[in-house]
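Spelled out, the chains give:
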Amino acid sequence: MIIRKSPAQIDQIARAGEIVAGCLDMLRGKCRPGATTAKLDAAAERFIRERGGIPTFKGYRGFPASICVSPNEVVVHGIPGDYTLAEGDIISLDVGVTLKGWVADAATTVGVGEVSGQARRLMDVTEASLFKAISRFRQGNHLSDISSAVQEYVEHNGYSVVRSLVGHGIGRDMHEEPQIPNFGVPGGGPELEEGMVFAIEPMVNVGEHQVKVGEDRWAVSTADGSLSAHFEHTVALSREGPKILTAGMAFDRSNLDAASMLW
Ligand code: MG
């Protein structure tokens, strides 16, 4: 069952979302050569707790850190540790915050210093596919309209979408129904209704879509070793359309379409 939220409840998720967005903004500035992923994790945990939030990922099914940090060929769920950021890396940062019992979840991928043209393009295509998906999150559309928007755009640009990991409903729990794949044919699945809140999160590979789980049983990497990017927002379907609850200061407000989606 998809749990619909009231406007007051969506406001609560948006408060958690402000902390998520602020944390991602802070981390972006720290993604410089020489920083360890453990240092990013410590900074994130401090940032979240100082604002009264709880890092949702910490202890989730035994996850040992506050955020996921996934470099280069790591798609998602990288455990922060000794890895030291190097010029040219791309780093996926995934942050979840629980505030007063409500959860928000978002991710971004950032380049460390100068990155290759391929890496830049991968990040741009992945982020754009997220906005294509969000723009389909409208009353009267169906769930797979969101999914197909990602797949169409990504494959048109020559990349592939990860199949075995999906977006999700979100609210009192980080993972609620429905699952939101990043592929599919339009017009399928439940009809989208006001009050639904989804974490939409395309994961896009330069090479093939297959992934493998690492020895730590968490980090998911591309099977062929190609680069991967990940962008995610928590988005509510309001009467006026989709509203992004995790857009921070670094959000590109020059895009009027995107600006109309801000909560
Ligand atoms: Mg998520």
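Residues numbered from 1 in each chain as written. Predicted model: local features only at pLDDT ≥ 70, side-chain atom pairs only at ≥ 80, totals over all residues. Heavy atoms only, no water.

Participant: I'd like a description of the environment of K5, backed by residues and values.
Facilitator: Relative to the helices and strands, K5 resides in the segment before α1 (7–30). Residue classification places K5 among the buried positions, given a relative accessible area of 7%. Leave out the neighbours within four places in its chain, and K5 touches I10, I13, W102, I170, G171, E176, G195 and V197. At a separation of 3.0 Å, a polar atom in the side chain of K5 contacts the main-chain carbonyl oxygen of I170. Only 2.6 Å separates the side chain of K5 from the side chain of E176, close enough to count as a polar contact. (Helix = DSSP H or I, 4+ residues; strand = E, 2+ residues; numbered from the N terminus. Buried < 20%, exposed > 50% of the residue type's maximum accessible area, 1.4 Å probe, protein only. Contact = heavy atoms within 4.5 Å. Polar contact = N/O pair within 3.5 Å; in protein donor to acceptor, adjacent residues only side chain to side chain.)

Participant: Residues and numbers for the packing of aromatic side chains, please.
Facilitator: On inspection of all chains with the given rule, the structure shows two aromatic pairs. A ring pair is formed by F63 and W218, whose centres lie 5.0 Å apart and whose planes are at 85°; its orientation type is edge-to-face. Pair noted here: F63 is in the loop between β1 (54–55) and β2 (68–71) and W218 is in the loop between β11 (211–213) and β12 (220–222), with a separation of 155 residues, a long-range link. On the basis of relative accessible area, F63 is assigned to the buried category, the value being 3%. On the numbers, 4.6 Å between centres and 10° between planes, the contact of F137 with F198 is stacked. Of the two residues, F137 is situated in the loop between α3 (117–135) and α4 (143–156) and F198 in strand β9 (residues 197–200); the sequence distance between them amounts to 61 residues. Judged by its relative accessible area of 0%, F137 is buried. F198 gets classed as buried once you look at its relative accessible area, which sits at 0%. The ring of F183 has R163 lying over it, and the distance from NZ or CZ to the ring centre is 4.8 Å. (Phe/Tyr/Trp six-rings, centres within 6.5 Å; stacked < 30°, edge-to-face > 60°. Lys NZ or Arg CZ within 6 Å of the ring centre and 35° of its normal.)

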